[in-house]
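# What the coordinates show
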Amino acid sequence: MGDVLALVEARLRTALGEPDARAAVTFLGTDRIEVLRFTDAADTGLVRYATLGMSAAPMADPTSALADPLKGPRAELVLSVRTGRADTDKVLRPLAVLAASPQVEGVVVAAGASLDVGEPLWPGAPFTSVLVAGSGGLVEDLELDDPLDPVRFLPLLPMTQNEAAWKRVHGAAALEEKWLNSGTDLRDPLRKSVPLDR
């Protein structure tokens, strides 16, 4: 499936430019996951991190007895944060952990899901978890030849513990609406929790 990853990297480069750093992480019993860092060429003060390797194999439904080696959803993860406010480059390992979760835990990562690494995403971060947003915005879905499903590039929105707990009760759409109504800067690596009292 190296050809799939070559196409995925080409799509990332088309959308985000040339990566200025990359790191590879391998977990026992899993394929290698790379994390690429893209510094915005337009100098908007953003840095983006994208995984490369999660889409090499389709994500299998944990309830199915046999995993299909070809069919099934494929995805990579993209995180955008403002530069200069925190040591966000330390997010590389947590991102690789999240990208390996389909292989390790048999989960299907899709829009609306919560993913938790159990530790701050970077030093001093008020977030240990992320909300997976819908694809098709920053990086367009990558169509693959039949019978392969397209690769979706899923944005990650960091959540505070309070936001993650609130989302479990009220759902992803309600949390996203709270953020929108509060004018929350979801790219601020040190932002506070949105007010959650109804």
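Residues numbered from 1 in each chain as written. Predicted model: local features only at pLDDT ≥ 70, side-chain atom pairs only at ≥ 80, totals over all residues. Heavy atoms only, no water.

## Thoughts on the nonpolar core
- Counting 29 residues, the largest nonpolar core has Tyr 49, Leu 77, Leu 79, Val 109, Trp 122 and Leu 156 as its most contacted members.
- Elements represented by at least two residues in this core include exactly β2 (33-39), β3 (46-52), β4 (74-82), α2 (92-105), β6 (127-132) and β7 (151-160).
- The residues touching Trp 122, leaving out its near neighbours within four places in the chain, are Leu 79, Val 81, Ala 86, Asp 87, Thr 88, Lys 90, Val 91, Phe 127, Pro 158 and Pro 189.
- Counting 15 residues, the second largest nonpolar core, distinct from the first, contains Leu 12, Leu 52, Leu 144 and Val 151. (Core = buried A, V, L, I, M, F, W, Y, C linked by side-chain atoms within 4.5 Å. Buried < 20%, exposed > 50% of the residue type's maximum accessible area, 1.4 Å probe, protein only. Helix = DSSP H or I, 4+ residues; strand = E, 2+ residues; numbered from the N terminus. Contact = heavy atoms within 4.5 Å.)

## Structural notes on the sheet that holds β2
- Read across the open sheet, the seven strands follow the order β1-β2-β3-β4-β7-β6-β5; overall the sheet is mixed. The two strands at the open ends of the sheet, each matched to only one other strand, are β1 (21-25) and β5 (114-116). Each adjacent strand pair in this sheet contributes to an overall mean axis angle of 30 degrees, direction not counted.
- Sheet analysis places β4 next to β7, joined by five bridges and oriented parallel. Residue pairing for β7: Glu 76 is matched across the bridge by Phe 153.
- Sheet contacts for helix α3 (residues 161-170): β5, β6 and β7; angle to β7, the most-contacted strand, approximately 115 degrees.
- Of the strands in this sheet, β6 and β7 touch helix α4 (residues 172-182), which is tilted by about 65 degrees from β7. (Pairing = 2+ DSSP bridges. Axes fitted to C-alpha atoms, helices over the stretch in contact; angles between N-to-C directions.)

## Observations regarding the environment of Thr 184
- Note on placement: Thr 184 falls in the segment after α4.
- Of the residues examined, Thr 184 reaches a relative accessible area of 22% and is grouped as partly exposed.
- Residue contacts for Thr 184: discarding those within four places in its chain leaves Trp 179, Arg 191 and Val 194.

## Considering the pattern of salt bridges
- Within the structure shown, the criterion is met by 13 salt bridges.
- For Lys 90, the salt bridge identified is with Asp 87, shortest N-O distance 2.8 Å.
- Here the salt bridges share partners, and the residues they tie into one network are Glu 9, Arg 13, Glu 18, Arg 22, Arg 32 and Glu 34. (Salt bridge = Lys/Arg side-chain N within 4 Å of Asp/Glu carboxyl O.)

## Structural notes on the packing of aromatic side chains
- Evaluation of the coordinates by the stated rule reveals one aromatic pair.
- Centroid distance Trp 122 to Phe 127: 5.9 Å. Interplanar angle 65 degrees. Geometry classified as edge-to-face.
- Accessibility expressed as a relative area gives 2% for Trp 122, which makes it buried.
- According to the relative accessible area criterion, Phe 127 is buried, its value standing at 1%. (Phe/Tyr/Trp six-rings, centres within 6.5 Å; stacked < 30°, edge-to-face > 60°.)

## Re α4
- Inspection of α4 places Ala 172, Leu 175, Lys 178 and Trp 179 among the buried residues, and these make up the whole buried set. Burial along α4 is one-sided: seen end-on, the buried residues are contained in an arc of 120 degrees. What points out from α4, more than 90 degrees from its buried face, is the exposed set Ala 173, Leu 180 and Asn 181.
- Buried-residue contacts for α4 involve β6, β7 and α3.
- In the segment just after α4, Gly 183 is the residue with positive phi, at about 65 degrees. (Arc of directions from axis to C-beta.)

## Examining the pairing of β2
- For β2, a buried count of five out of seven residues is recorded, marking the element as mostly surrounded by other parts of the structure.
- In this sheet, β2 lies alongside β1 in antiparallel orientation, the contact comprising five bridges. Residue pairing in the sheet places Ala 24 in a bridge with Glu 34 of β2.
- In this structure, β2 lies alongside β3, joined through six bridges in antiparallel fashion. Each residue of the ladder has a partner; that of Val 35, found in β3, is Thr 51.

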